[in-house]
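An overview of the molecular structure
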Amino acid sequence: MKTDSKIKLDVQDELEWEPSIDETKIGVAVDDGVVTLSGEVSSYAKKMAAEKAAKQVSGVKAVAEDIVVKYPYSLEKSDTEIAKAALEALKWHSSVPDDTVMLKVEEAWVYLSGEVKWEYQKNSAKNAIKDLTGVQGVINSIAIKQHVKPFEVKNKIKEAFERSAVIDSGGINVTTDGHTVTLSGKVHSIKEKEDAEKAAFKAPGVHEVKNKLRVQYYTEFA
C-alpha cells in the first residue's frame, strides 16, 4: 500500500505531466489516501483536468477539490452572456439533440436539465460548455430516457466489460432492476471504478447506475 507521501509525489508528478495545467499554482495534500487539491486556475476546464489527473494515480481513494477558478477581469462574463454563449455552443454541438437540453446560469455556474437517450449525449452537453470563458462550473442533471427491454441491459454491460482493456470484469458484479443498474465487487483504482460506471451508462435503457464498487489496490512488494 502506498504511503500518503508517495501518493502526494505521484499526484504532483501527474499534474506536471498534464500540459494544460500550471502545477505550481495547485496545492496537493493527502490524508489516508484522500487527495485535496487547492489553489487557482484560469478556467473550469483546467480545474476538471487537475481532478482527472489526480484520480488517475494509483492509491488515491478519493479527491476533494477546492480549486478556485479565477478569470482575469477582462474575461469575466455576466450570467446573461454565459447563457447566450452556452445556448450557442449546444446549438452547434452535433452530439446534443436539438431542443432536448435546458440550461440556467446562476453566479457563473451553468445548470443543465432535460432528457436525452444516451450517456454520451449527456456528457457532450457538459463538454460543449465547460470550456466557455467565464464559466465557474457545470451541474449536469440531464436525465437519460430510452425505451428498451431492461433484461437486455445486464448482458450488454457484461459484454462491454469483457471487451475493455482497462476494466477487470472478473471482479465486477452487475444487477439490474428495471432501468437501474447496480455495480458491486472490487476494482483496482478510482479510474477503473469510473470507467466501469461509464461503460454501464452506455448500455441502452440505463437511466441510473448505482456504483458500489470498492477500490482494492494491488499489493506492492518492496
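All figures in this text were calculated on a predicted structure; none of them were measured in a lab.

Let's shift gears to the nonpolar core. Judged by nonpolar contacts, the single largest core of 41 residues is most densely connected at V11, L15, L37, I129 and V135. In terms of nonpolar packing, the next biggest core, distinct from the first, is built from 16 residues, V174, L183, A199 and V209 among them.

For the rest of this paragraph, the subject is the sheet that holds strand β1 (residues 26-31). One open sheet accounts for 3 strands, arranged β1-β2-β3; its pairing is mixed. Looking along the sheet, the strands with just one partner apiece sit at the ends: β1 and β3 (62-69). Sheet twist, expressed as the average angle between the axes of neighbouring strands with direction ignored, equals 10 degrees. Both β1 and strand β2 (residues 34-41) contribute to a ladder of 6 bridges, which runs antiparallel. Looking at β2, one finds that V30 is bridged to V35. Contacts from helix α1 (residues 4-17) reach β1 and β2, with the element oriented near 155 degrees to β1. Relative to the sheet, helix α2 (residues 44-55) contacts β1, β2 and β3, its axis offset from that of β3 by approximately 160 degrees.

Here the focus is the environment of N173. Relative to the assigned elements, N173 resides in strand β8 (residues 172-177). For N173, a relative accessible area of 44% translates into the label partly exposed. Look past the residues within four positions of N173 in its chain and what remains in contact with it is T182, L183, S184 and G185.

The side chains of a regular strand alternate, first on one face of the sheet and then on the other. The side-chain alternation of strand β5 (residues 109-116) yields one buried face, formed by V110, L112, G114 and V116, and one unburied face, formed by W109, Y111, S113 and E115. What sits between strand β4 (residues 101-106) and β5 in their antiparallel hairpin is a turn of 2 residues, with E107 showing a positive phi close to 55 degrees. In terms of strand pairing, β5 meets strand β7 (residues 143-144) through 2 bridges, oriented parallel. Bridge pairing in β7 links E115 to A143.

Each value, and the rule that gives it
- In every chain, residue numbers begin from 1 and rise along the written sequence.
- Per-residue local features of the predicted model are confined to residues with pLDDT of at least 70, and side-chain atom pairs are confined, for both listing and counting, to 80 or more; whole-chain, interface and lining totals are unaffected and use all residues.
- Processing note: side-chain calculations cover all non-hydrogen atoms of the structure and skip hydrogens and water entirely.
- Definition of nonpolar core: a set of buried residues of the types Ala, Val, Leu, Ile, Met, Phe, Trp, Tyr and Cys, connected through side-chain atoms within 4.5 Å.
- Here's how the labels work: a residue is buried when its accessible area is under 20% of the maximum for its type, exposed when over 50%, partly exposed in between, all with a 1.4 Å probe on protein chains only.
- At least two bridges found by DSSP between two strands is the condition for calling them paired.
- Helix numbers and strand numbers start at the N terminus; a helix is a DSSP run of H or I with at least 4 residues, a strand a run of E with at least 2.
- Every axis corresponds to a line fitted to the C-alpha atoms, with the helix fit spanning only the stretch in contact, and the corresponding angles, defined between N-to-C directions, vary from 0 to 180 degrees.
- In what follows, residue pairs with any heavy atoms lying within 4.5 Å of each other are defined as contacts.

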